[in-house]
Amino acid sequence: MKKFNTDFEAVKKELVESMATDDAERQEKAFNDFVDYMQADITQKAMAMKEAKEDERVLEARGILTPLTAEEREYFNAVVKRKGFDGVEKTFPKTIINDVLEKIKNEHPLLSRVDVQDTGMLVEFILRDPSKAKAFWGPICSDIKQMILEGFKIVDIKHSKLSGFVATCKGMMDLGPAWLAEYVRQTMYEVMSASLEDAVINGTGKDMPIGMIMKLSGAVDGVHTAKDKTKIDNFEPTTMAGFRAALAEAKLDSKNVALIVNPVTYWSKVFPNLAFRNAEGTWVIDRLATGEEIIESYAVPVDTIIIGDPKNYLLTVSTAIKIERYKETLAIEDMYLDIAKFTGHGIPKNANAFFVADVSAVKGAPKVALEVVTEPVETI
């Protein structure tokens, strides 16, 4: 197992950022590092609790372990018995995916703000354009088709698949069904969060969601192009109000409009221009004059900001999941590697739901050079 000179947040950051590249080698290393961290964490907790002879029910009461339903325990008992997910006849418990989706809805900084819908086995979803009127005036018995179709469209969600790896160290099977289920829950949450976060921001629409930074029209062979960026050099009220005016013109302005930004850009460009000391000598931070909440996401390109109400992005995920042994080559030693497949889709609810700005010209903090590590990572 690897020993790192960094923390889990840095590992998750690298996993998200690697997904936005075409560098297969970087992605593979990021995934390997992520798996090592997750498995080391769960294994250490499990072994410590077993050495202390802690009862599972006590751990559940403390919130350390999630209680298993009868279906979940039966399923993970079968996985432990077979030493892997491959060939397990029982269906993967929907309750696990429900737990993961619920956690995403409640806890993830960005995904908790978008409109996440569990579609079950649906292949189509009816989407209402938030800029359209909810009702209209007209003669009694006027064309009801107009009322039904106005502002609604059917979104095809069957063509997008979300695949997440479940890499399981062979020794983890000895930890028992409860700890194995805990590992699967946490792994799926982190992998789904990273995959969905990147897709919600950058998805091209080709076998994946259409990202916030993409145009809804003009797709070629299913691939959408990026929106034009408005270049700005400050965050003054007259600058930011221009985006709010555009949202208002599109009938999409709301009190929930947010500014979505990469943490690097936040600290280097946004924070230095917002922090100020008031007359009492107290520092006031994170206060845009136009009132937007600031949401940080490593999926947003550096020197870019996105402005819009996250609820105007629809993200559909099915709880129907299939786990099967991954047959392709991936350099993960002494592990079972399975792939969990979901269906779903994502799309802005309106072409003007989100505006994108280039903030490279904004003056900010001086860049501090990072140390480049050239020697191999130490292993144990």
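In this text, all values refer to a predicted model and were calculated from it rather than measured experimentally.

Below, the discussion takes up the sheet that holds strand β10 (residues 304-308). Overall, mixed pairing links the five strands, which are arranged β5-β14-β10-β6-β9 in an open sheet. Of all the strands in the sheet, just β5 (230-231) and β9 (293-296) have a single pairing partner and so form its edges. With four bridges joining them, strand β6 (residues 258-261) and β10 adopt antiparallel strand pairing. Each residue of the ladder has a partner; that of Ile 260, found in β10, is Ile 306.

All right, on to helix α5 (residues 94-107) then. End to end, α5 covers 20 Å across 14 residues, agreeing with the expected 20 Å (1.5 Å per residue, within 8%). Burial in α5 covers these residues: Ile 96, Ile 97, Val 100, Leu 101 and Ile 104. Around the axis of α5, the buried residues are gathered within 130° of arc, so they sit on the same side. Away from its buried face, by an angle of more than 90 degrees, α5 presents the exposed residues Asn 106 and Glu 107.

Attention shifts here to unusual backbone geometry. One non-glycine residue, Asp 207, adopts positive backbone phi at about 60°. Checked against the element boundaries, Asp 207 lands in the loop between α7 (177-202) and β5. Not every positive phi belongs to a glycine, and Asp 221 is a case in point at roughly 55°. Mapped onto the elements of the fold, Asp 221 is located in the loop between α7 and β5. Among the residues examined, Asp 221 registers a relative accessible area of 61% and is labelled exposed.

As a further point, take the confidence of the model for the protein chain. Averaged over the protein chain, the pLDDT score is 81; the fraction of residues at 70 or greater is 77%. Overall, residues 121-126 carries pLDDT values under 50, and its contacts beyond four positions in sequence, including any with other chains, amount to 21 contacts. The low-confidence segment residues 134-152, where pLDDT is below 50, has twelve contacts with residues more than four positions distant or belonging to other chains.

Another point: the nonpolar core. Nonpolar side chains tend to gather and get buried jointly when the protein is soluble and globular. Residues Phe 76, Ile 201, Met 212, Phe 235, Ile 305 and Leu 315 are the most contacted members of the largest nonpolar core, which totals 88 residues. Per-element accounting of this core gives the leading share, 14 residues, to α7. In this structure Ile 305 touches Ile 232, Phe 235, Leu 259, Ile 260, Val 261, Phe 355, Val 356, Ala 357 and Val 359, once residues within four positions along its chain are discounted.

With that out of the way, let us pick up the packing of aromatic side chains. Tallying each qualifying case throughout the model produces nine aromatic pairs. Ring geometry for Phe 8 and Tyr 37: centres 5.7 Å apart, planes at 25°, overall stacked. Taken together, the residues span a long stretch of sequence, with Phe 8 in helix α1 (residues 8-19) and Tyr 37 in helix α2 (residues 24-51) at a distance of 29 residues. Residues Phe 76 and Phe 92 carry aromatic rings whose centres are separated by 6.3 Å and whose planes lie at 75° to one another, so their mutual orientation is edge-to-face.

So, about helix α9 (residues 263-274). Listing the buried residues of α9 in full gives Pro 263, Thr 265, Tyr 266, Lys 269, Val 270 and Leu 274. End-on view of α9: buried residues confined to an arc of 155°, all on one side of the axis. As for α9, its buried residues are in contact with β6, β7 (276-277), β8 (283-284), β9 and β10. For α9, the side-chain oxygen to backbone nitrogen distance between the N-cap and Val 264 is 2.9 Å, and the N-cap itself is Asn 262.

This next bit is on the pattern of salt bridges. Across all of its chains, the model carries 17 salt bridges by this definition. For Glu 72, the salt bridge is made with Arg 185, and the minimal N-O distance between the two is 3.1 Å. With Glu 72 in helix α4 (residues 70-82) and Arg 185 in helix α7, the pair connects residues that are 113 residues apart, well separated along the chain. Accessibility classification places Glu 72 together with Arg 185 in one group, the buried group. Between Lys 206 and Asp 221 there is a salt bridge whose closest N-O contact spans 3.5 Å. With a gap of 15 residues between them, Lys 206 in the loop between α7 and β5 and Asp 221 in the loop between α7 and β5 connect regions that are remote in the sequence. Residue classification places Lys 206 among the partly exposed positions, given a relative accessible area of 34%.

What counts, and at which threshold
Residues numbered from 1 in each chain as written. Predicted model: local features only at pLDDT ≥ 70, side-chain atom pairs only at ≥ 80, totals over all residues. Heavy atoms only, no water. Pairing = 2+ DSSP bridges. Helix = DSSP H or I, 4+ residues; strand = E, 2+ residues; numbered from the N terminus. Expected span 1.5 Å × (residues − 1). Buried < 20%, exposed > 50% of the residue type's maximum accessible area, 1.4 Å probe, protein only. Arc of directions from axis to C-beta. pLDDT = per-residue confidence, 0-100. Contact = heavy atoms within 4.5 Å. Core = buried A, V, L, I, M, F, W, Y, C linked by side-chain atoms within 4.5 Å. Phe/Tyr/Trp six-rings, centres within 6.5 Å; stacked < 30°, edge-to-face > 60°. Polar contact = N/O pair within 3.5 Å; in protein donor to acceptor, adjacent residues only side chain to side chain. Salt bridge = Lys/Arg side-chain N within 4 Å of Asp/Glu carboxyl O.

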